[in-house]
Amino acid sequence: MTGTVAVNGEVRRLEDLRLQDFLQSFFFGAGFFETLLVEEGAPMFLARHLARLRESLGAHAGCVQPPPPDVLTPEAVREALRRCLEADAGLGPRFTGVAKLVAGDGRLLLSFSTPPQRAEEVVLDTVEDRCYRRGDPTLNHKSVSYLRQYAHLGRGTVFVNEAGELCEVPNGNLFFLVGEAVVTPPLEAPCLPGIIRSVLLEAGRLGERPVVERTVHRTQVEDVRGCVLTNSVGLALAVPRLLGRELSGSHALAGQARAVVREYARRDV
């Protein structure tokens, strides 16, 4: 994380923040966050991220103290981002990297980190079985209380619910090429309503294949010919091996997904 941040739109130094201003978030995980890609100073899909953040805050009214509504608008966040980039020579107006928004304790914290190492693929060979329960609404929100997911980052883990259905991975959603359709688990699996997931579902097709929500059971992995991991930083990563099976169709599918996402991002300015 870089040293320049914004709190409710005010540019601050990270070392000047006070713990007492973030007590509920820090000690109880009573907050929500969004991670988004910034390219050449422009945040990608900002309005979608803020809409999801407001939805999470609304669903937990009384549990999480929200920031003032006027700091949760795209215009306010873009202005705060611009001020931070101008104030920090290490960032600069053409910064490319990652921005994070954390909402809780009546504050919206905007911070930055350097670009992640670019990856084109990820192997998913581990299962965390029965760790999700179908219909659990808490997993439809990006809570600051992120320990289960964080513990599995980098381990190639797929989370599975008590019914044996594939749900998601610690850092994103999954899309499977099954038959003539591209299938992603429904929100009630449960999984996060990912920003890139929503873009691909809106698009409705990858090439000639429809994109649909449908459960995918562990036993159906034998029928999967390709798989893509989506999130707001990597966009769409090929999964060349899924739970021990080599998948020849993953790279082409990921390329199609990235092209769709880039096209939507151009319109989403």
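To be clear, the structure that these remarks concern was listed above.
In this report, we go over the structure that sits alongside the text. (Residues numbered from 1 in each chain as written. Predicted model: local features only at pLDDT ≥ 70, side-chain atom pairs only at ≥ 80, totals over all residues. Heavy atoms only, no water.)

## Some points on the overall build of the protein chain
- On a plain count of helices and strands, the protein chain comes out with six helices and 17 strands.
- For 269 residues, the compact-globule formula gives about 18 Å, and the C-alpha radius of gyration of the protein chain, at 19 Å, lands near that figure.
- Here the C-alpha coordinates of the protein chain stretch approximately 55 × 35 × 30 Å along the principal axes.
- Buried positions account for 50% of the 269 residues belonging to the protein chain. (Helix = DSSP H or I, 4+ residues; strand = E, 2+ residues; numbered from the N terminus. Rg over C-alpha atoms; globule rule 2.2 N^0.38 Å. Buried < 20%, exposed > 50% of the residue type's maximum accessible area, 1.4 Å probe, protein only.)

## Considerations on the packing of helix H5 (residues 195–203) against helix H6 (residues 250–267)
- Between H5 and H6, the least distance of the axes is 10 Å, while the angle of their chain directions is 95°. Our classification of the angle between H5 and H6 gives roughly perpendicular. Contacts between H5 and H6 involve Ile196, Val199, Leu200, Glu202 and Ala203 from the first element and Ala257, Val260, Val261 and Tyr264 from the second.
- Split into classes, the residues belonging to the contact of H5 with H6 amount to eight nonpolar, no polar and one charged. (Axes fitted to C-alpha atoms, helices over the stretch in contact; angles between N-to-C directions. Parallel < 35°, antiparallel > 145°, perpendicular 65-115°, else oblique. Contact = heavy atoms within 4.5 Å. Nonpolar A, V, L, I, M, F, W, Y, C, P; charged D, E, K, R; others polar.)

## Focus: the sheet that holds strand E12 (residues 205–206)
- With mixed pairing, six strands are arranged side by side in an open sheet as E12-E13-E11-E10-E14-E15. Both edges of this open sheet fall to E12 and strand E15 (235–238), since each of them pairs with a single strand only.
- As paired elements, strand E11 (residues 181–184) and strand E13 (residues 209–213) share three bridges and run parallel to each other. Its bridge partner lying in E13, Thr184 is registered against Glu213.
- Strands strand E10 (173–178), E11, E12, E13, strand E14 (224–231) and E15 of the sheet are contacted by H5, whose axis makes an angle of about 130° with E13.
- Contacts from H6 reach E10, E11, E12, E13, E14 and E15 within the one sheet, and its direction differs from that of E15 by about 175°. (Pairing = 2+ DSSP bridges.)

## Looking at the packing of aromatic side chains
- Inspection of the entire model under this criterion finds four aromatic pairs.
- Ring plane angle 90° and centroid distance 5.4 Å describe the contact between Phe33 and Tyr146, whose orientation is recorded as edge-to-face. Here Phe33, found in strand E3 (residues 32–39), pairs with Tyr146, found in the loop between strand E7 (126–132) and helix H4 (147–152); they are 113 residues apart in sequence, far enough to count as distant.
- Measuring from ring centre to ring centre gives 5.7 Å for Phe95 and Phe112, while their planes differ by 85°; the resulting arrangement is edge-to-face. On the criterion of sequence distance, the pair formed by Phe95 in the loop between helix H3 (74–87) and strand E5 (97–104) and Phe112 in strand E6 (residues 107–113) is long-range, its members being 17 residues apart. (Phe/Tyr/Trp six-rings, centres within 6.5 Å; stacked < 30°, edge-to-face > 60°.)

## Focus: the pattern of salt bridges
- On inspection of all chains with the given rule, the structure shows 20 salt bridges.
- A salt bridge links Asp21 to Arg18; the nearest nitrogen and oxygen atoms lie 2.9 Å apart.
- For Arg18, a relative accessible area of 44% gives the class partly exposed.
- Three or more residues are tied together by salt bridges with common partners; here these are Glu79, Arg82, Arg83 and Glu86. (Salt bridge = Lys/Arg side-chain N within 4 Å of Asp/Glu carboxyl O.)

## Focus: the sheet that holds E6
- In space, the six strands of this open sheet follow the order E2-E1-E6-E5-E3-E4, with antiparallel pairing throughout. In this open sheet, the two strands that pair with only one neighbour each are strand E2 (10–13) and strand E4 (42–43).
- With two bridges joining them, E3 and E4 adopt antiparallel strand pairing. Its bridge partner being in E4, Glu39 is matched across the sheet by Ala42.
- Relative to E3, helix H2 (residues 46–59) is tilted by about 175°, and along the sheet it contacts E3, E4, E5 and E6.
- Contacts from H3 reach strand E1 (4–7), E2, E3, E4, E5 and E6 within the one sheet, and its direction differs from that of E6 by about 45°.

## Re the pairing of E10
- Counted residue by residue, E10 has six buried out of six residues, so it is predominantly covered.
- Inspection of the sheet shows E10 paired to E14 by six bridges, in the antiparallel sense. Considered in E14, the bridge of Leu174 is made with Leu229.
- With three bridges connecting them, E10 and E11 associate as antiparallel partners. Directly across from Val178, in E11, lies its bridge partner Ala181.

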